[in-house]
Amino acid sequence: FVDYLQIKSPEKEMLRLICLVHDFGKYKVQRNQRGDILGMTHSQISEQFAQGIIQDRQVLKIIRWHDKYFSFYLNQTKRHSFNQHSFRTLYQSIDLGLMIKFNYIDQWERGKGSIIWFEDMCSTLGLRNSKLYVNEPKVLDSYKNLRGNE
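Student: What is the right way to look at helix 6 (residues 96–106) in this model?
Tutor: Because each turn of an α-helix spans 3.6 residues, side chains separated by three or four positions end up pointing in the same direction. Across the 11 residues that make up helix 6, a large majority, 11, are buried. Residues of helix 6 that are buried include every one of Leu96, Gly97, Leu98, Met99, Ile100, Lys101, Phe102, Asn103, Tyr104, Ile105 and Asp106, and no others. Where the residues of helix 6 are buried, they touch helix 1 (11–21), helix 3 (57–65), helix 4 (68–77), helix 5 (84–91), helix 7 (113–124) and helix 8 (132–135). Its side-chain oxygen 3.2 Å from the backbone nitrogen of Gly97, Asp95 forms the N-cap of helix 6.

Student: Which parts of the structure should I look at to understand the side chain of Ser46?
Tutor: Along the chain, the position of Ser46 falls in helix 2 (residues 42–50). For Ser46, the side chain forms a polar contact with the main-chain oxygen of His22, separated by 3.0 Å. For Ser46, the contacting residues outside a window of four places in its chain are Val21, His22, Asp23, Phe24, Gly25 and Ile63.

Student: Help me out: how do you make sense of the nonpolar core in this one?
Tutor: Looking at soluble globular proteins, one finds that nonpolar side chains tend to be buried together. Grouped together as the largest cluster of nonpolar side chains are 36 residues, with contacts concentrated most on Phe87, Tyr91 and Phe118. Here the element with the most residues in this core is helix 6; it accounts for 7 residues. Look past the residues within four positions of Phe87 in its chain and what remains in contact with it is Phe72, Phe82, Trp117, Phe118, Met121, Cys122, Leu125 and Leu127.

Student: Just checking my understanding: could you explain the pattern of salt bridges for this structure?
Tutor: Charged atoms that come close allow side chains of opposite charge to pair. As enumerated under the stated definition, the model contains 5 salt bridges in all. Across the pair Lys131 and Asp120 runs a salt bridge whose closest N-O atoms are separated by 3.0 Å. Placement of Lys131 in the loop between helix 7 and helix 8 and of Asp120 in helix 7 is noted, with a sequence separation of 11 residues between them.

Student: Mind showing me how you'd approach unusual backbone geometry here?
Tutor: Residues other than glycine predominantly adopt negative phi, and peptide bonds predominantly adopt the trans conformation. Cis geometry marks the peptide bond from Ser9 to Pro10, where omega comes out at 0 degrees. For Pro10, the position within the fold is in the segment before helix 1. We note that His80 has phi near 55 degrees; this positive angle belongs to a residue other than glycine. Tracing the sequence through the fold places His80 in the loop between helix 4 and helix 5. Its relative accessible area of 68% is what places His80 among the exposed residues.

Student: Just checking my understanding: could you explain the packing of helix 6 against helix 7 for this structure?
Tutor: Pairs of packed helices are described in terms of their axes, by the angle between the two and the distance that separates them. In contact at an axis separation of 10 Å, helix 6 and helix 7 are set at 165 degrees when each is read in the N-to-C sense. As summarised for this structure, helix 6 and helix 7 are arranged roughly antiparallel, according to the angle between their axes. Once helix 6 is placed against helix 7, the crossing between them reads as left-handed. Mapping the contact onto sequence places Leu96, Met99, Ile100, Asn103 and Tyr104 in helix 6 and Ile115, Ile116, Phe118, Glu119 and Cys122 in helix 7. Split by residue class, the contact of helix 6 with helix 7 holds 8 nonpolar, 1 polar and 1 charged.

Student: Explain the packing of helix 1 against helix 3 to me, please; I cannot follow it from the model alone.
Tutor: The interhelical angle for the contact between helix 1 and helix 3, taken along N-to-C directions, is 40 degrees, at an axis separation of 10 Å. Seen along the crossing, helix 1 lies across helix 3 with a hand that is right-handed. The segment helix 1 lies against helix 3, with Met14, Ile18 and Val21 engaging Val59, Ile62 and Ile63. Here the contact of helix 1 with helix 3 is composed, by residue class, of 6 nonpolar, no polar and no charged.

Rules used throughout
- Residues numbered from 1 in each chain as written.
- Predicted model: local features only at pLDDT ≥ 70, side-chain atom pairs only at ≥ 80, totals over all residues.
- Heavy atoms only, no water.
- Buried < 20%, exposed > 50% of the residue type's maximum accessible area, 1.4 Å probe, protein only.
- Helix = DSSP H or I, 4+ residues; strand = E, 2+ residues; numbered from the N terminus.
- Contact = heavy atoms within 4.5 Å.
- Polar contact = N/O pair within 3.5 Å; in protein donor to acceptor, adjacent residues only side chain to side chain.
- Core = buried A, V, L, I, M, F, W, Y, C linked by side-chain atoms within 4.5 Å.
- Salt bridge = Lys/Arg side-chain N within 4 Å of Asp/Glu carboxyl O.
- Axes fitted to C-alpha atoms, helices over the stretch in contact; angles between N-to-C directions.
- Parallel < 35°, antiparallel > 145°, perpendicular 65-115°, else oblique.
- Left-handed = near helix turned anticlockwise from the far one by under 90°.
- Nonpolar A, V, L, I, M, F, W, Y, C, P; charged D, E, K, R; others polar.

All quantities given are derived from atomic positions and should not be read as evidence of function.
Encoded structure:
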């Protein structure tokens, strides 16, 4: 995907690094019998691990918060509840361009609707002026299209 979008260095290397590390902590998450998380989430564990090998604060923030946008999306679309202040506070200090590119890479199984929502919300709240899906519509291509008709 990174090559498909022709992303240049150093962003290319940052995205590859995030891809390698972002879900590292999934195997360490502890859950109770109902499936509720006890303690740290997988992204918190992944960030903690990554701190030992990555110095870039933006990369670490993206590892930590890579799935959070989906909670905001579900709160608005399913529960009709959205906290603009929390959203703005969380995302105002994150490299949204890098995060959005990573989210398109990461979210094959969820589909692209939640990422489009995220981009739209960032734009609506003044956190980002451009939209990747408008400027680079290739991000909306399906995984099957990227790999060919295997």
